[in-house]
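Listed below, chain by chain, are the residues.
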Amino acid sequence: MTVDTQPQGDERVHWLPMVAAISSISVVGIAIGLGMPLLSVILETRGHSASMIGLNTAVAGLASIAGAPLATPLAMRLGVAWTMIAMIAAGALAFVGFHFAPDFWMWFPLRIVLHIALTVLFILSEFWISTSAPPHRRGLVLGIYATVLSLGFAAGPWLFAHLGSSGFRPFGVIIALVTLAAIPVLAARNESPSIVADGETSNFLRYIWLVPSATAAVLVFGAVETGGFALFPVYGNRIGYSEADAALLLTMIGLGNVLLQIPIGMISDRVSDRRYLLLGCATVGLVGTVFMPFFAQNWHLMAALLFVWGGVVAAMYTIGLAHLGSQLSGHELASANAAFVLCYGVGMVLGPQAIGIGMDAFGPSGFGWSLGLFFGAYMALVGVRLVRKILL
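As annotated in an unreviewed UniProt entry, the protein carries the name MFS transporter and is attributed to Mesorhizobium erdmanii. UniProt annotates the protein under Subcellular location (unreviewed entry) with the comment "Cell membrane".

Structure below.
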């Protein structure tokens, strides 16, 4: 498949479609930032174990894997904008369904629908962003994109801290925000890009192994983001934090994402081999998890740690995507992006399960140890590849 892009001579940023695409990304951020802790706390209050909460959350990753191949066929049939509107509606209905679903088994199909919708939104938003920004402004646009997504992550836990987990109110707020985000998508529907078939079939899975430093980075980020966001409220409760204090710590992670993405992105533009920066981000991630238990008794120290830790770890996604773009182009890059999303979904499956099992087996300390395993494995992978580069 191909994605129709702007004419080569068009150097303008098309702001209306940019706002449309970025508003849909804000839905992803808020839905994950508010929905993950909200749903986990509801399950915790119903008496479900951390392992079962992790299992239900891990279904989101399976849904992401299943949803990634659906984005292009749906957009070809319905158009990018109308597919995004349909996914916004489907995600909103699935999310509100959690409130009315009394049995635990019902939460599994609801997770599947919700995260297929979010995945398709994520992919099509990136398509739209790439066609609305001229090459010389793409760095600026990517910075805006990452910042808005991070604002969504930060706003979600902040809203959760103020709304709590009782009643319909947090679900109603999500519906209202999603409705607002759909308005610019509708307004820019005539400027949405066209995705057309070109007769090629490519095995996008091979790109997982072709650029492993990038695809493994997004796998680790998916595991840490999904598992950490979902189970941090449970972890916070078990080490003595109130529901509101734990939610505000999640907000500090989100704020780190907001404020550190653009500076780290600017640094990455000046690094000849972004794998060194990816290795540095993973190292900060590992060191941060080691210090979490020592800072846990002081909320302010924990907040400062999570601010830096969250911002640096989130940069693994954007730097990984930039590294992917520096290695590939054209149709190869489009296929590699599908592999990138797939690896994110795999991380979403592995993270909640690993962290949930770790906490059940080792208590609260299992939270940090499980996260540390992901960072350590990634550091080993990138370290080996960098050594091979030096030796060869």
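Caption draft 1: Structural context of the overall build of the protein. Along the backbone of the protein there are 14 helices and two strands. Relative to its full complement of 392 residues, the protein shows a buried share of 56%. Sequence separation of at least 24 residues holds for 85% of the intrachain contacts in the protein that already meet a minimum separation of 6. Carbon and sulfur atoms provide 69% of the accessible area of the protein, an area that totals close to 15900 Å².

Caption draft 2: Molecular detail of the environment of A161. Mapped onto the elements, A161 comes out in helix 6 (residues 138-163). For the pair A161 and D245, spaced 84 residues apart in sequence, the C-alpha to C-alpha distance is 7.5 Å. The contacts of A161, once residues within four sequence positions are left out, are A244, A247 and L248.

Caption draft 3: Looking closely at the packing of aromatic side chains. Per the counting criterion, the structure on display carries 18 aromatic pairs. Ring centres of F95 and F98 lie 6.2 Å apart, and the angle between their planes is 75°; this geometry places the pair in the edge-to-face category. A residue pair is termed a helical-turn pair when its members lie 3 or 4 positions apart in one helix, as F95 and F98 do in helix 4 (residues 80-100) at three residues. F95 sits in the buried class, given a relative accessible area of 2%. With centroids separated by 6.2 Å and ring planes inclined at 85°, the aromatic side chains of W309 and F375 adopt a geometry described as edge-to-face. In this pair, W309 sits in helix 12 (residues 299-327) while F375 sits in helix 14 (residues 365-391), placing the two residues 66 residues apart along the sequence. Both residues of the pair, W309 and F375, count as buried.

Caption draft 4: Examining the environment of H48 more closely. Position of H48 relative to the elements: it lies in the loop between helix 1 (15-45) and helix 2 (50-67). Owing to a relative accessible area of 23%, H48 belongs among the partly exposed residues under this scheme. When residues no more than four places from it in sequence are discounted, the contact partners of H48 are L43, I53 and F104.

Caption draft 5: Just the environment of V185, in detail. Tracing the sequence through the fold places V185 in helix 7 (residues 169-187). By relative accessible area, V185 is classed as buried at 0%. For the pair V185 and S23, spaced 162 residues apart in the sequence, the C-alpha separation amounts to 7.8 Å.

Caption draft 6: Quick look at empty space enclosed by the protein. Within the structure shown, the criterion is met by five cavities of 30 Å³ or more. Residue lining of the largest cavity: 23 residues in total, with F122, L149, E225, Y317 and Y344 positioned closest to the centre. Elements represented by at least two residues in the lining of the largest cavity include exactly helix 1, helix 5 (107-132), helix 6, helix 9 (212-238), helix 10 (243-269), helix 12 and helix 13 (330-362). Broken down by element, the lining of the largest cavity gets its largest block of residues, five residues, from helix 6. Considering only residue class, the lining of the largest cavity consists of 15 nonpolar, seven polar and one charged. For the lining of the largest cavity, the two domains that each supply at least three residues are domain 1 (15-193) and domain 2 (201-391). Each pocket or cavity is described by its volume, and for the second largest cavity that value is around 170 Å³. Along the walls of the second largest cavity sit 18 residues, with V224, E225, F229, I253 and W309 positioned nearest its centre. Mapped onto the lining of the second largest cavity, the elements with two or more residues apiece are helix 9, helix 10, helix 12 and helix 14. Among the elements that take part in the lining of the second largest cavity, helix 9 stands out by supplying six residues, more than any other.

Caption draft 7: Local environment of helix 10. Its 27 residues place the ends of helix 10 40 Å apart at the C-alpha level, agreeing with the 39 Å of an ideal helix rising 1.5 Å per residue. Maximum bend of helix 10: about 45°, positioned at L260, with proline P263 one to four residues after it.

Caption draft 8: Focus on the packing of helix 11 (residues 274-295) against helix 14. Following both chains from N to C, one finds helix 11 and helix 14 inclined at 155°, their axes separated by 9 Å at the closest point. When the axis of helix 11 is compared with that of helix 14, the two are roughly antiparallel. Handedness of the crossing formed by helix 11 with helix 14: left-handed. When helix 11 is examined against helix 14, the residues R275, Y276, L278, L279, A282, T283, G285, L286, T289 and M292 are found in contact with a partner set consisting of F367, G368, L371, G372, F375, Y378, M379, V382, R385, L386, K389 and I390. Taken together, the residues that form the contact of helix 11 with helix 14 break down as 14 nonpolar, five polar and three charged.

The rules behind each value
By convention here, each chain's residues receive numbers from 1 onward along its written sequence. Residues qualify for local features only when their pLDDT is at least 70, as the model is predicted, and side-chain atom pairs are given and counted only at 80 or more; totals for whole chains, interfaces and linings, by contrast, use all residues. To obtain the side-chain values, all non-hydrogen atoms of the structure were used and water was disregarded. UniProt positions are given in the numbering used here, feature names are shortened, and annotations may be inferred rather than shown by experiment. Numbering of helices and strands runs from the N terminus; a helix is a DSSP stretch of H or I covering at least four residues, while a strand is a stretch of E covering at least two. When accessible area is computed with a 1.4 Å probe and restricted to protein chains, residues below 20% of their type maximum are described as buried, those above 50% as exposed, and intermediate ones as partly exposed. It only takes one pair of heavy atoms within 4.5 Å for two residues to be counted as in contact. Here, Shrake-Rupley sampling with a 1.4 Å probe gives the accessible areas, and only protein chains in the shown set may cover a residue. Pairs were defined over the aromatic rings of Phe, Tyr and Trp, the Trp ring being its six-membered one, requiring ring centres within 6.5 Å. Orientation was assigned from the angle between planes: stacked under 30 degrees, edge-to-face over 60, tilted for the rest. Both site types are read off a 1 Å grid over the protein atoms alone. A 1.4 Å probe that fits but cannot get out defines a cavity, while an open set with protein on both sides within 12 Å along at least five of seven lines defines a pocket; lining residues have an atom within 4 Å of a point. Grid points are joined across faces, edges and corners, and a volume is the space filled by probe spheres set on the points. As a working rule, the residues Ala, Val, Leu, Ile, Met, Phe, Trp, Tyr, Cys and Pro are called nonpolar, Asp, Glu, Lys and Arg charged, and the rest polar, with Gly in that last group. Segmentation into domains, and thus their bounds, comes from an automatic or database assignment. The span expected for a helix works out to 1.5 Å for each residue beyond the first. The bend at a residue is defined as the angle formed between two axes, one fitted to the seven residues ending at that residue and one fitted to the seven starting there. Fitted lines through C-alpha atoms give the axes, limited to the stretch in contact for helices. The angle between two N-to-C directions lies from 0 to 180 degrees. By the definition adopted for this analysis, an angle is roughly parallel if under 35 degrees, roughly antiparallel if over 145, roughly perpendicular if from 65 to 115, and oblique otherwise. Left-handed describes a crossing in which the near helix is turned anticlockwise from the far one by less than a right angle; the clockwise case is right-handed.

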